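Summary of the model geometry
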Amino acid sequence: MILALVLGALGCSSSTASRPEVPGDTGGPGPEEPSVPERTSCTGLSEGPGTHEWTVTHDGRARTYRVHVPPGYDATKPMPTVLAFHGFGSNPEQFEVQTGLSTLADTAGFLVVYPRGLSAAELNGGTSPPRDNTRGWNAGACCGSAQVSNSDDVGFVDALLTDLDTRVCVDPRRTFATGFSNGGFFSYRLACERAGRFAAVAPVSGMSPQSGCSPSRPVPVLHIHGTADTVILYAGGNNIPFGRAYPSAEDSVRSWAERDGCGGPVVETYRQGDSTCSAFTGCSPETATASLCTVQGGGHTWPGSPVSAGNPTQDLNATLEAWRFFQTRPRP
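Below or above, wherever it landed, is the structure these notes cover. (Residues numbered from 1 in each chain as written. Predicted model: local features only at pLDDT ≥ 70, side-chain atom pairs only at ≥ 80, totals over all residues. Heavy atoms only, no water.)

1. Thoughts on the overall build of the protein
For the protein, the helix and strand inventory stands at nine helices and ten strands. Against the 2.2 N^0.38 benchmark of 20 Å for 332 residues, the protein shows a C-alpha radius of gyration of 18 Å, consistent with a compact globule. Dimensions of the protein along its principal axes, counting C-alpha atoms only, are 50 × 45 × 35 Å. Residues counted as buried form 58% of the 332 residues belonging to the protein. (Helix = DSSP H or I, 4+ residues; strand = E, 2+ residues; numbered from the N terminus. Rg over C-alpha atoms; globule rule 2.2 N^0.38 Å. Buried < 20%, exposed > 50% of the residue type's maximum accessible area, 1.4 Å probe, protein only.)

2. Quick notes on the packing of helix H6 (residues 153-164) against helix H7 (residues 182-193)
With their axes 11 Å apart at the nearest point, H6 and H7 run at an angle of 75 degrees to one another. Compared by their axis directions, H6 and H7 come out roughly perpendicular. Across the interface between the two elements, Asp153, Val154 and Val157 of H6 pack against Phe186, Arg189, Leu190 and Glu193 of H7. In terms of residue class, the contact of H6 with H7 is built from four nonpolar, no polar and three charged. (Axes fitted to C-alpha atoms, helices over the stretch in contact; angles between N-to-C directions. Parallel < 35°, antiparallel > 145°, perpendicular 65-115°, else oblique. Contact = heavy atoms within 4.5 Å. Nonpolar A, V, L, I, M, F, W, Y, C, P; charged D, E, K, R; others polar.)

3. Observations regarding the sheet that holds strand E4 (residues 111-115)
In space, the ten strands of this open sheet follow the order E1-E2-E4-E3-E5-E6-E7-E10-E9-E8, with mixed pairing throughout. A strand with exactly one partner marks an edge of an open sheet, and here the two such strands are strand E1 (50-58) and strand E8 (266-272). Ignoring which end each strand starts from, the neighbouring axes of this sheet average 20 degrees apart. (Pairing = 2+ DSSP bridges.)

4. Digging into the state of the cysteines
Evaluated as defined, the whole model comprises five disulfides. Each bonded cysteine of the protein gets a number by its place in the sequence, and the pairs then read 1-4, 2-3, 5-6, 7-9, 8-10. (Disulfide = S-S within 2.5 Å.)

5. Things to note about the nonpolar core
Counting 58 residues, the largest nonpolar core has Leu164, Phe185 and Trp256 as the members making the most contacts within it. Of all the elements, H6 adds the most residues to this core, at seven residues. Not counting the four nearest positions on each side in its chain, Trp256 is found in contact with Tyr188, Ala191, Cys192, Ser208, Cys213, Pro215, Val219, Val221 and Ala290. If you look at the next biggest cluster of nonpolar residues, it comprises 28 residues, including Val82, Val112, Val204 and Phe325. (Core = buried A, V, L, I, M, F, W, Y, C linked by side-chain atoms within 4.5 Å.)

6. Some details on the environment of Ser252
By the secondary structure assignment, Ser252 is in helix H8 (residues 249-259). Once the C-alpha coordinates of Ser252 and Gly179 are considered, the two residues, 73 residues apart in sequence, prove to be 15 Å apart. The contacts of Ser252, once residues within four sequence positions are left out, are Tyr188, Met207, Ser208, His223 and Pro247.

7. What to know about the side chain of His68
Take His68: it is sitting in strand E2 (residues 61-69). Only 2.9 Å separates the side chain of His68 from the side chain of Thr51, close enough to count as a polar contact. What His68 contacts, discounting residues up to four positions off in sequence, is Gly50, Thr51, Glu96, Ser102, Ala105, Asp106, Phe110, Leu111 and Val112. (Polar contact = N/O pair within 3.5 Å; in protein donor to acceptor, adjacent residues only side chain to side chain.)

8. What to know about the pairing of E2
Pairing analysis gives nine bridges linking E1 to E2, with the strands arranged antiparallel. Bridge assignment links Val56 to a residue of E2, and that residue is Arg63. Hairpin geometry of E1 and E2 is characterised by an intervening segment of two residues between the two adjacent antiparallel strands and by a positive phi of about 55 degrees at Asp59. Alignment of E2 against E4, held across four bridges, turns out to be antiparallel. Residue pairing across strands places Val67 opposite Val113, the latter belonging to E4.

9. Some thoughts on the packing of aromatic side chains
By the definition in use, this model includes twelve aromatic pairs. Judged by centre distance (5.5 Å) and plane angle (10 degrees), the ring pair of Trp137 and Phe186 falls under stacked. In this pair, Trp137 sits in the loop between helix H4 (120-123) and helix H5 (144-148) while Phe186 sits in helix H7, placing the two residues 49 residues apart along the sequence. On the accessibility criterion, Trp137 (0% relative accessible area) is buried. Their ring planes at 20 degrees and their centres at 6.3 Å tell us that Tyr188 and Trp256 sit as a pair that is stacked. Of the two residues, Tyr188 sits in helix H7 while Trp256 sits in helix H8, which places them 68 residues apart along the sequence. Grouping residues by exposure puts Tyr188 and Trp256 together as buried. An aromatic cluster is defined as three or more aromatic residues linked by ring pairs; in this entry it consists of Phe85, Trp137, Phe156 and Phe186. Of note, Arg259 hangs over the ring of Trp256, and the distance from its end group to the ring centre comes to 4.6 Å. (Phe/Tyr/Trp six-rings, centres within 6.5 Å; stacked < 30°, edge-to-face > 60°. Lys NZ or Arg CZ within 6 Å of the ring centre and 35° of its normal.)

Here's what the structure looks like:
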C-alpha cells in the first residue's frame, strides 16, 4: 500500500492543486453543508432490488457509484442507507466482497452505496488502466493523488446523495458512513463536515483529523482498529507518503467523546478473544457515544472478513458491529 501511495501521489501534477496546503487541517472546508431533505414517504421512484451502477457529474467528471438494493425494498418507504468507502488502491467491487455489507443488507433491510474514488490518471485528465491501484479519497491527512490534488470528494458525496434521492427511497435520518483505511479517514471527514446528513460513522483502520473538525451536531462514532496495523498505526504517526500526521486510535475516539459532550465513565461493551470494545458514556444526546473496538495483534484488515488479506480476526465482525451501532443511532 505504501508503494501505491507514493506512485499515486507522484501521478498528480502540482498544477491540479486548488489551495495551499495547511499543516494539520482536514483538507480545507468542503462546500457549505447542504440542507437535508425531510421525508416520511417517497413517490415516483422506479428502481428496484438488485445491484446497480449509477453515474453523476461533479467538477466536470463523470463519477460512478455502486448501489445494492435488498429484496423486499419498498420504493415508497424511506430505507436506512450505508455509504461504504473503499480503501486506497481498492474499488467498490472489492470492498463489497471484503465487507459482506450487501449480504447483511439482504437480511437486515438497508441500502448500501459503494462510491468509487478517483485514480491518479483520472485526476490528471486521463483514463484509468484496468486494475488501477491508485483510487482514493481526499481525507485531509490521507491519501495519494486525491489528497495531494485536493479532490473535492465531499462535494462528490453531496452530488451522489442528491442523485441517489431521485432513484431510491433513502431515509435522511438513517444515513450512515463507514470505510476502511483511506475510506475510514474519509468517513471521519464526513462526520466533521456533513454531520447534518450522516447520523453516525464507523471508520475501520482510519483516523480522525488532528484539527479543524467542527461538526454541526454531536455525531456517534464507532472506531475499529488493530494494534499491529503497520499501515495506519494504532498509536498514530506520520508515515503516509505526501500525507500528514494523524492521531492514535484512542485519541481519535477521545476527541469525538469531547465533541459529543461525553462526561460519563468509559464502559466495556464487547469482549471476545482478541477483541474488545469500550464506549464513552454520558454523552449529549445519550446516543452520541464514541466507541473504540481494539483487536490485539490485529493488522491492516477488516475484522471478520472471510476474504481480506492479512488473516483478519474472526473474534469481531466489523460489518455486523457497525450495523448494530447504526441501528440504534438515527439522526435527531
